[in-house]
Amino acid sequence: IPKFRLTRISEFSADSLRASLPELPWTRRARLVGRGLDEKSAAILVEDKTYGGIYDEVIAPIADPASWRTATNLLLSTIRGKNPTPEQLKSVTENLGEAAEMLVSGGISSTAASSVIDEILLNGVTFSEKVESMGLRQIGDSLALTKVILEVISENQKVVAVIVTKQNLQRN
């Protein structure tokens, strides 16, 4: 009987077989820690297949380190802490990258992000729609902020007059 050499068939090469195997838990944990996660967060992602899968699909591809870190924290702290159902988890993770970008850019605060995530879990809307409808977008541009301040002052002349009068009385 002739010898049958599997190594000559590309599907059975050592590299092909190695690539087809799943990542071992300790290798995955080391890779996650190497990317910057603490041991506890890495352990959660290794042990919990649901959150580990979300990380792989949604967060791992994020190139910006600050957005990656923020999205990871949102997933493991804010979202996981709310114990969402699988349907709720799906709707909120679809918006995770956008939420991280808004947080990193200063478009919203972490408190606002948590409130929006609560609303997404309840109603399944997109992150940016909910930020806008709840009026939670932060203004970072000083010119735009000055414009809003002047509008508020001009719309509330009576209140401004009372405040100015009280300040003048306190000085005297």
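Computed from a predicted structure; not experimentally measured. (Residues numbered from 1 in each chain as written. Predicted model: local features only at pLDDT ≥ 70, side-chain atom pairs only at ≥ 80, totals over all residues. Heavy atoms only, no water.)

**Let's talk about the confidence of the model for the chain**
Per-residue confidence for the chain averages 84 on the pLDDT scale, and 92% of its residues sit at or above 70. Across the chain, the element-wise mean pLDDT spans from 78 in helix α9 (residues 127–133) up to 94 in helix α3 (residues 39–47). (pLDDT = per-residue confidence, 0-100. Helix = DSSP H or I, 4+ residues; strand = E, 2+ residues; numbered from the N terminus.)

**With respect to the packing of helix α4 (residues 49–59) against helix α5 (residues 65–81)**
At a minimum axis separation of 11 Å, α4 and α5 run at an interaxial angle of 150 degrees. By the criterion of interaxial angle, the relationship of α4 to α5 is roughly antiparallel. Crossing geometry of α4 relative to α5 is assigned as right-handed. Judged by residue contacts, Tyr-51, Ile-54, Tyr-55 and Ile-59 of α4 engage Trp-68, Ala-71, Thr-72, Leu-75, Ile-79 and Arg-80 from α5. (Axes fitted to C-alpha atoms, helices over the stretch in contact; angles between N-to-C directions. Parallel < 35°, antiparallel > 145°, perpendicular 65-115°, else oblique. Left-handed = near helix turned anticlockwise from the far one by under 90°. Contact = heavy atoms within 4.5 Å.)

**A short note on the pattern of salt bridges**
For the coordinates displayed, the defined rule picks out six salt bridges. With its nearest N and O atoms 2.8 Å apart, the salt bridge here joins Arg-31 to Glu-23. The class of Arg-31 is partly exposed, set by a relative accessible area of 38%. Across the pair Asp-118 and Lys-82 runs a salt bridge, and its minimum N-O distance is 2.7 Å. Within this pair, whereas Asp-118 is found in helix α8 (residues 110–123), its partner Lys-82 is found in the loop between α5 and α6 (86–93), the two being separated by 36 residues in sequence. (Salt bridge = Lys/Arg side-chain N within 4 Å of Asp/Glu carboxyl O. Buried < 20%, exposed > 50% of the residue type's maximum accessible area, 1.4 Å probe, protein only.)

**Quick notes on the side chain of Ser-41**
The topology assignment puts Ser-41 in helix α3. Using a relative accessible area of 12% as the deciding quantity, one classes Ser-41 as buried. At 2.9 Å, the side chain of Ser-41 forms a polar contact with the side chain of Asp-38. (Polar contact = N/O pair within 3.5 Å; in protein donor to acceptor, adjacent residues only side chain to side chain.)

**Topic: the packing of α3 against α5**
Here α3 crosses α5 at 65 degrees, and the two axes come no closer than 11 Å. Taken as axis vectors, α3 and α5 run roughly perpendicular relative to one another. For the pair α3 and α5, the contacting residues are Ser-41, Ile-44 and Leu-45 in the first and Leu-75, Leu-76 and Arg-80 in the second. Class assignment for the residues of the contact of α3 with α5 results in four nonpolar, one polar and one charged. (Nonpolar A, V, L, I, M, F, W, Y, C, P; charged D, E, K, R; others polar.)

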